[in-house]
Amino acid sequence: MSVRHVLASIGLMVSLGAAAQRECVVVDMETGVPLSGVVVTVDTALISQYRSNYRGEFTVPAEADSIVLGRQGYLSRHLLCSELTDTVALMRTFNAIREVVIYGSMPQVSAGISNMLGKLKEENKYMPRQTPVVSFDFFSIFTAKKRKRTEKRIKALENY
């Protein structure tokens, strides 16, 4: 036998062995993101467990009857090998809280801060207040009533 025949027979055996397995990907049902660390329990003559890799990929042997997929935070899923597709989706579990009661209290202001605020208020009493020298309301120019009043005042000042 030549080297070519030996290599061809080895390649054929490897390809048959690879064809006997099935590659699948497990993803999150809502987002479609691959899930790593999913425990895949294969039910064959002997029960064996596998884990999905960081891309969510796992391999199922050809002689498998059914598989169970499970991960913390997700509902476990039981599938027959006839139902198995290339991509398997797992649904998240939702734990609902029925009622939440929150109790609180007002924070206590320390005596030092309240004394400082009191002193500031007293000092503010003795500060001189600033009064505007000239007041001007920009929007009052545009009102018709204001214009009429100013015209009357101008006429009154002329006659005075």
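Residues numbered from 1 in each chain as written. Predicted model: local features only at pLDDT ≥ 70, side-chain atom pairs only at ≥ 80, totals over all residues. Heavy atoms only, no water.

All right, on to the side chain of aspartate 28 then. Note on placement: aspartate 28 falls in strand 1 (residues 21-28). Judged by its relative accessible area of 3%, aspartate 28 falls in the buried class. Polar side-chain contacts of aspartate 28 include one of 2.9 Å to the backbone nitrogen of glutamate 30. If we skip the residues at most four places from it in the chain, aspartate 28 touches Val33, Leu35, Tyr74, Leu90 and Arg92. (Helix = DSSP H or I, 4+ residues; strand = E, 2+ residues; numbered from the N terminus. Buried < 20%, exposed > 50% of the residue type's maximum accessible area, 1.4 Å probe, protein only. Polar contact = N/O pair within 3.5 Å; in protein donor to acceptor, adjacent residues only side chain to side chain. Contact = heavy atoms within 4.5 Å.)

Moving on to the pairing of strand 5 (residues 66-70). In summary, the side chains of a regular strand alternate between the two faces of the sheet. The element strand 5 is largely enclosed, with a buried count of four among its five residues. Inspection of the sheet shows strand 2 (residues 39-43) paired to strand 5 by five bridges, in the antiparallel sense. Looking at strand 5, one finds that aspartate 43 is bridged to serine 66. Of the strand pairs in this sheet, strand 5 and strand 6 (residues 77-80) are connected by four bridges, and their pairing is antiparallel. (Pairing = 2+ DSSP bridges.)

Our focus in this paragraph is the pattern of salt bridges. Across all of its chains, the model carries two salt bridges by this definition. With a closest N to O distance of 3.5 Å, arginine 92 and aspartate 28 form a salt bridge. Of the two residues, arginine 92 sits in the loop between strand 7 (87-90) and helix 2 (111-125) while aspartate 28 sits in strand 1, which places them 64 residues apart along the sequence. When the shortest N-O distance is used, the salt bridge between arginine 55 and glutamate 57 registers 3.4 Å. The exposure class assigned to glutamate 57 is partly exposed, which follows from its relative accessible area of 28%. (Salt bridge = Lys/Arg side-chain N within 4 Å of Asp/Glu carboxyl O.)

Note on placement: aspartate 43 falls in strand 2. A C-alpha to C-alpha distance of 5.4 Å links aspartate 43 and serine 66, two positions 23 residues apart in sequence.

Now for a positive patch on the surface. Judged by side-chain charge, Lys145, Lys146, Lys148, Arg149, Lys152 and Arg153 come together as a positively charged surface patch. Its place among the elements puts arginine 149 in helix 3 (residues 144-159). Owing to a relative accessible area of 49%, arginine 149 belongs among the partly exposed residues under this scheme. (Patch = residues over 30% accessible without salt bridge, like charges linked within 9 Å, V, L, I, M, F, W, Y side chains within 5 Å. Areas by Shrake-Rupley, 256 points an atom, 1.4 Å probe, with all protein chains shown as cover. Lys, Arg positive; Asp, Glu negative; His and termini not counted. Charge placed at Lys NZ, Arg CZ, Asp CG, Glu CD.)

This part takes up the nonpolar core. Counting 17 residues, the largest nonpolar core has Phe58, Val60, Ile67, Leu69, Leu84 and Leu90 as its most contacted members. Breaking this core down by element, the ones donating at least two residues are strand 1, strand 2, strand 4 (57-61), strand 5 and strand 7. Setting aside its immediate chain neighbours within four residues, leucine 90 contacts Val26, Val27, Asp28, Met29, Leu35, Val38, Leu69, Tyr74, Leu75 and Arg77. (Core = buried A, V, L, I, M, F, W, Y, C linked by side-chain atoms within 4.5 Å.)

In space, the three strands of this open sheet follow the order 4-1-7, with mixed pairing throughout. Edge positions in the open sheet fall to strand 4 and strand 7, since each of these has one partner strand only. Strand-to-strand twist of the sheet, defined as the mean angle between neighbouring strand axes without regard to direction, takes the value 35°. Examined bridge by bridge, strand 1 and strand 7 share four bridges and lie parallel to one another. (Axes fitted to C-alpha atoms, helices over the stretch in contact; angles between N-to-C directions.)

The next point concerns the sheet that holds strand 5. The four strands are arranged 3-2-5-6 in an open sheet whose pairing can be described as antiparallel. Among the strands making up the open sheet, the edge pair consists of strand 3 (47-51) and strand 6. Across the sheet, the mean angle separating the axes of adjacent strands is 20° when strand polarity is ignored. Across five bridges, strand 2 lies against strand 3 in antiparallel orientation. Across the sheet, the residue bridging to valine 40 is tyrosine 50, located in strand 3.

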